[in-house]
Every structure is written in structure tokens, then in C-alpha cells.
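# Tertiary structure, described
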Amino acid sequence: MKILVTGGAGFIGSHTVVELHNAGYTPVIIDNLYNSNREVLAGIYNIIGKEVPFYEIDCNDERAVRDLFEKEKFDGVIHFAAYKAVGESVEKPLAYYENNLMSLIVLLKVMRDYQVNKFVFSSSCTVYGQPNELPVTEDTPRQPAASPYGNTKAISEDIIRDHVISKPGIKAIALRYFNPIGAHSSAEIGELPNGVPSNLVPYLTQVAAGLRKSLTVFGEDYDTPDGTCVRDFIHVVDLAIAHVKAIELLNEQTISDYYDVFNVGTGQGHTVLELIKTFEEVNNLKLNYNIGPRRPGDVEKIYAQSDKVNNVMKWHAEKSLADALKDAWRWQEKITKSV
Ligand code: UD1
């Protein structure tokens, strides 16, 4: 079964390509390499021992996407390709709305025209904002997005739902990711942030590698066990496997206008300081960090209730926070050496 993976050279996309292959699917990557690079393809090759077809295509280029669908005969699409930097989205909202929404619309149109009927979308727990009750279930009301990036995820979910309801013959799942971290245990693929990382773990590993001076912990006066924010950190390989399970659920699904959303988290919250301590322990090193002010727009605490994904998709997070932080460090050490 052939699955198009848009953004397949990216962090979550590349790990999903590997897991699709491991599960017997034939992944095909499109990526415009805006926030990724070709070396990822070599990393994937080193893990699976096989070249995955790659096309340098922008999902907004409808002509190119149509030509590809004409050529490749896909059975399903997993759509990762999107801009994802929260801060940048505040500075460039139009770029975010244009890129993230237009690419989705192009794909859905072309899928309809070529009768490709399985669609999995990368959404985010950002759609919940700061929820009133924890853990969040899929029924927890969405809240107005704190950033244009977050809003593109909420609007995308609505576009997919409305499209499915109009009976184009597409079955779709939106996966609401919590905080993906880690890398493949082989250290062949991992996160490759451009410039100064804005996310916690890539920044932290760069400090540990001596590439940056100190990690600033954003705020220690939150209403949490140690005053720092709480997040549900999920190993990227577990998250990748959830996409394979989503495709399997769509394969089995007999309702032709099926659309559903699933939280994909471990169900466990950890504070930023807990993560730092775990990183130090499992990798046997000391991290240089300092406490700074809160970062505007951060939610205090959020973690998933994962019963739905556990029961319906038969997916469970297998890897621990310690596993993810060991793998993230192994990957950082490898890329530091290769620079
Ligand atoms: C954000 C988005 C999420 C998106 C993810 C990946 C929101 C609310 N969340 O998650 O949707 O999928 O980015 O792009 O929009 N921290 C520090 N120091 C740092 C960096 C981070 O203390 O240098 C803290 C943050 O304050 C936060 C935690 O670490 O409490 C995690 O931050 P980060 O990795 O940036 O992810 P989120 O903001 O949770």
C-alpha cells in the first residue's frame, strides 16, 4: 500500500517514513526542503536499507502535486508539511495561513480528484489552549488559538471535517500531538532545527554539546509541583507509530465519511525541571541552565488523556522520557561531530 508522506524529510515525517516501511507500507516522500535537508534521506536509507522515492515538491504547487498523483497512484496521504514555529507565526501570520491552509486544500482537492481516500493530518494539542481541566480528552473544548500557527491547526481540522462531511469519499483522522522529542535510537535521523532552536529539547542538547552557553527555563512561578511548566513529552518514534495505526484504522473503517481526532501523548505530565534532571541523570552530565521570566503565550500545564487512542487505535506509548532523552543526546552528539 503506497502512502504519500508530505514533509517526509522533516522531524516527525522522517520517523514516520521508517515506521511505515517497517509495517510493510511503501512510503513516498514529498518535501520542499524549506525546513529540512536531503541528508535525512541518507539517514532513512541507513536504517531501512532501501531508498524511499523522494520528490522535491511544494504542496502548494497544485500542478506538481497533480502530476505526482497521476504518476504514483497513492492509497493514502499523511500530511506533515507545514510551517511550525509559534513565534515566527506571530510575525508572519499571512505566510502561515497561506502555506499551512493552501497546501491542505490543494491536497484534499487532488485526493478527491484521484479518489485517494485515506488522510491523516498533523494537528496539535495547541488547539486546547490552557484547558480548565486536566488531562485533556478529545472532548475538551478547543480554545481560541494563542498564535497564528495554532490557529492554522484548528482551522485545518475544521476544513478536513467539513470536507469529509460533504462526502467526497475521504476518511480522515487528525492526530493532536503533545510534545514530540527524541530521535531514532540508531541516531541516523532526529531533529534538525534551523538556527536557534525555540523548542526545549533541541535547545537543551545544543547547550549540553557546548554549542550554546545556557538553557533558560522560562518561568518558575507557575502553579505546578516545582513552578515550571508541565508538558506531555512523547518519543518521536512512538508518535510515528501512531500514524501507522491511524492508517490501519482508516483501512478497517467502513463508514465512508469517517472523521475523528485523537490525542497522541503518553498521558503523563512532566515539568521542565524534571526533564532537565532526567536528561542529566540518564546521560551522566551536568547541564548549564538558568531561570528566566515566563515566555509569553506558554500554557502552564497540559497533558493528554490517551484512553481513546489506546482503545480505538490500539496504540500505546512504549518509550519513556529517559529513552527519549538518551536518544536525543545520542543524535546531538552525532550531528555535533559531523559539523
Ligand atoms: C509548542 C506549541 C506546539 C508545537 C510545538 C512544536 C503552543 C502552545 N505549543 O509547544 O503546538 O507543536 O511548540 O513546535 O503553541 N522552554 C524553556 N526554555 C526553552 C524552550 C522551552 O523553558 O529554551 C519551556 C517552555 O516554556 C515550555 C516547555 O519548555 O514550558 C516546552 O516548550 P517547547 O518545546 O517550545 O514546546 P511548546 O511551547 O510546549
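In short, a report on the structure. These numbers were taken from a predicted model, which means no experiment stands behind them.

Counting secondary structure elements, the protein contains 11 helices and 13 strands. Expected size for 339 residues packed as a compact globule is a radius of gyration near 20 Å; at 19 Å, the protein falls within 12% of this value. When the backbone C-alpha atoms are referred to their principal axes, the protein occupies close to 55 × 45 × 40 Å. Per-residue burial over the protein gives 52% buried out of 339 residues. Contacts in the protein between residues at least 24 apart in sequence constitute 81% of all its contacts with a sequence separation of at least 6.

Summed over all chains, the structure comprises 5 aromatic pairs. Between Phe69 and Phe74, the ring centres sit 5.1 Å apart and the planes meet at 75°, which makes this aromatic pair edge-to-face. Phe74 shares its class with Phe69; the two are buried. Ring geometry for Phe69 and Tyr114: centres 6.0 Å apart, planes at 50°, overall tilted. Taken as a pair, Phe69 in helix α3 (residues 62-72) and Tyr114 in the loop between α5 (93-113) and β5 (118-124) lie far apart in primary sequence, 45 residues in all. The partly exposed category is assigned to Tyr114, whose relative accessible area is 28%. Among the aromatic residues, those joined into a cluster by ring pairs are Tyr34, Tyr83 and Tyr96. Cation over ring: Arg212 sits above Tyr203, and NZ or CZ is 5.8 Å from the ring centre. The cationic tip of Arg294 hangs over the ring face of Tyr222; the distance from NZ or CZ to the ring centre is 3.9 Å.

Moving on, we get to the side chain of Asn100. Residue position: Asn100 is located in helix α5. Overall, the relative accessible area of 4% leaves Asn100 in the buried class.

Rolled over the atoms, a probe with the dimensions of a water molecule shows which regions are left empty. Considered as a void within the structure, the second largest pocket measures approximately 390 Å³ in volume. Of the residues forming the lining of the second largest pocket, the biggest block, 6 residues, is contributed by helix α11 (residues 321-338).

All chains considered together, the criterion is met by 22 salt bridges. The closest approach of N and O atoms between Arg38 and Glu56, which form a salt bridge, is 2.6 Å. Of this pair, Arg38 sits in the loop between β2 (26-30) and α2 (39-48) while Glu56 sits in the loop between β3 (54-55) and α3, and the two are 18 residues apart along the sequence. Classification of Glu56 by relative accessible area gives partly exposed; the value is 49%.

Take empty space enclosed by the protein next. Scanning the model with the defined rule gives 2 cavities of 30 Å³ or more in all. In this structure, the largest cavity encloses a volume near 90 Å³. Along the walls of the largest cavity sit Gly182, Ala183, Glu191, Pro193, Val201, Pro202, Thr205, Gln206, Ala328, Trp331, Gln332 and Ile335, which together make up its complete lining. Of all the elements in the fold, those that place two or more residues in the lining of the largest cavity are α7 (200-208) and α11. Class assignment of the residues belonging to the lining of the largest cavity gives a composition of 7 nonpolar, 4 polar and 1 charged. Its boundaries defined by the atoms lining it, the second largest cavity holds a volume of some 30 Å³. For the second largest cavity, the full set of lining residues is His79, Ala81, Ala82, Asn100, Phe121, Thr152, Lys153 and Ser156. The element contributing the most residues to the lining of the second largest cavity is helix α6 (residues 148-165), with 3 residues.

What follows deals with the site of the ligand. Taken together, 18 residues are adjacent to the ligand, and Ser124, Leu200, Thr216, Arg231 and Asp298 come closest. Note that an oxygen atom of the ligand is positioned 3.3 Å from one of the side-chain N or O atoms of Tyr149. Between the ligand and the protein, one listed contact pairs an oxygen atom with a side-chain N or O atom of Arg231 at 2.6 Å. Within the complex, the protein chains bury 89% of what would otherwise be the 750 Å² of accessible surface of the ligand.

This paragraph deals with the packing of α5 against α6. Packing of α5 against α6 leaves a shortest axis separation of 9 Å and a crossing angle of 20°. By the criterion of interaxial angle, the relationship of α5 to α6 is roughly parallel. Relative to α6, α5 is oriented so that their crossing is right-handed. Taking contact as the criterion, the partners of Pro93, Tyr96, Tyr97, Asn100, Leu101, Leu104, Ile105, Leu108 and Arg112 in α5 are, on α6, Pro148, Tyr149, Asn151, Thr152, Ile155, Ser156, Ile159, Ile160 and His163.

Take α2 next. Among the residues of α2, Val40, Leu41, Gly43, Ile44 and Ile48 are the ones counted as buried. For α2, the angular spread of buried residues about the axis comes to 155°, placing them on one side. Structurally, α2 contributes buried residues whose contacts are with α1 (11-22), β2 and β3. The first or second residue beyond α2 is Gly49, which carries a positive phi of 70°.

Rules used in this analysis
All chains use their own residue numbering, which begins from 1 and follows the written sequence. Since the coordinates come from a predicted model, pLDDT governs what is reported: local features require at least 70, and pairs of side-chain atoms require 80 or more to be given and counted, while whole-chain, interface and lining totals use all residues. Side-chain descriptors were evaluated using all non-hydrogen atoms of the structure, hydrogens and water having been removed beforehand. The numbering of helices and of strands both runs from the N terminus, where a helix is a DSSP run of H or I of at least 4 residues and a strand a run of E of at least 2. C-alpha atoms define the radius of gyration in this analysis, and the globule rule sets the expected value at 2.2 Å times the number of residues to the power 0.38. Each residue's exposure class comes from its accessible area (1.4 Å probe, protein chains only) as a fraction of the maximum for that residue type: buried when under 20%, exposed when over 50%, partly exposed otherwise. Between two residues, a contact is recorded if the distance between any of their heavy atoms is within 4.5 Å. Here is the rule: rings of Phe, Tyr and Trp (six-membered ring for Trp) pair when centre to centre is within 6.5 Å. Planes less than 30 degrees apart are stacked, more than 60 are edge-to-face, and the remainder are tilted. Whether a charge lies above a ring is judged from NZ of Lys or CZ of Arg, which has to be within 6 Å of the ring centre and within 35 degrees of the ring normal. Put plainly, a pocket is an open set of points on a 1 Å grid over the protein atoms alone with protein on both sides within 12 Å along at least five of seven lines, a cavity is a set where a 1.4 Å probe fits but cannot get out, and a lining residue has an atom within 4 Å of a point. Grid points are joined across faces, edges and corners, and a volume is the space filled by probe spheres set on the points. We count a salt bridge whenever a side-chain nitrogen from Lys or Arg sits within 4 Å of a carboxyl oxygen from Asp or Glu. Ten residue types, Ala, Val, Leu, Ile, Met, Phe, Trp, Tyr, Cys and Pro, are classed as nonpolar, four, Asp, Glu, Lys and Arg, as charged, and the remainder, Gly among them, as polar. Throughout this document, a residue counts as near a molecule or strand when at least one of its heavy atoms sits within 4 Å of that molecule or strand. Whenever two N or O atoms come within 3.5 Å, that pair is a polar contact, provided that in protein one can donate a hydrogen and the other can accept it, and provided that, for residues adjacent in sequence, both atoms are side-chain atoms. We get accessible surface area from the Shrake-Rupley algorithm with a probe of 1.4 Å; when it comes to residues, only the shown protein chains can shield them. Whenever a helix is involved, its axis is fitted only over the stretch in contact; in every case the axis is a line through C-alpha atoms, and angles between N-to-C directions fall within 0 to 180 degrees. Orientation categories follow fixed angle ranges, with anything under 35 degrees roughly parallel, anything over 145 roughly antiparallel, 65 to 115 roughly perpendicular, and all other angles oblique. For any pair of crossing helices, the crossing counts as left-handed if the nearer helix is rotated counterclockwise from the farther one by less than a right angle, and right-handed if it is rotated clockwise. Here, the arc refers to the directions that run from the helix axis to the C-beta atoms.

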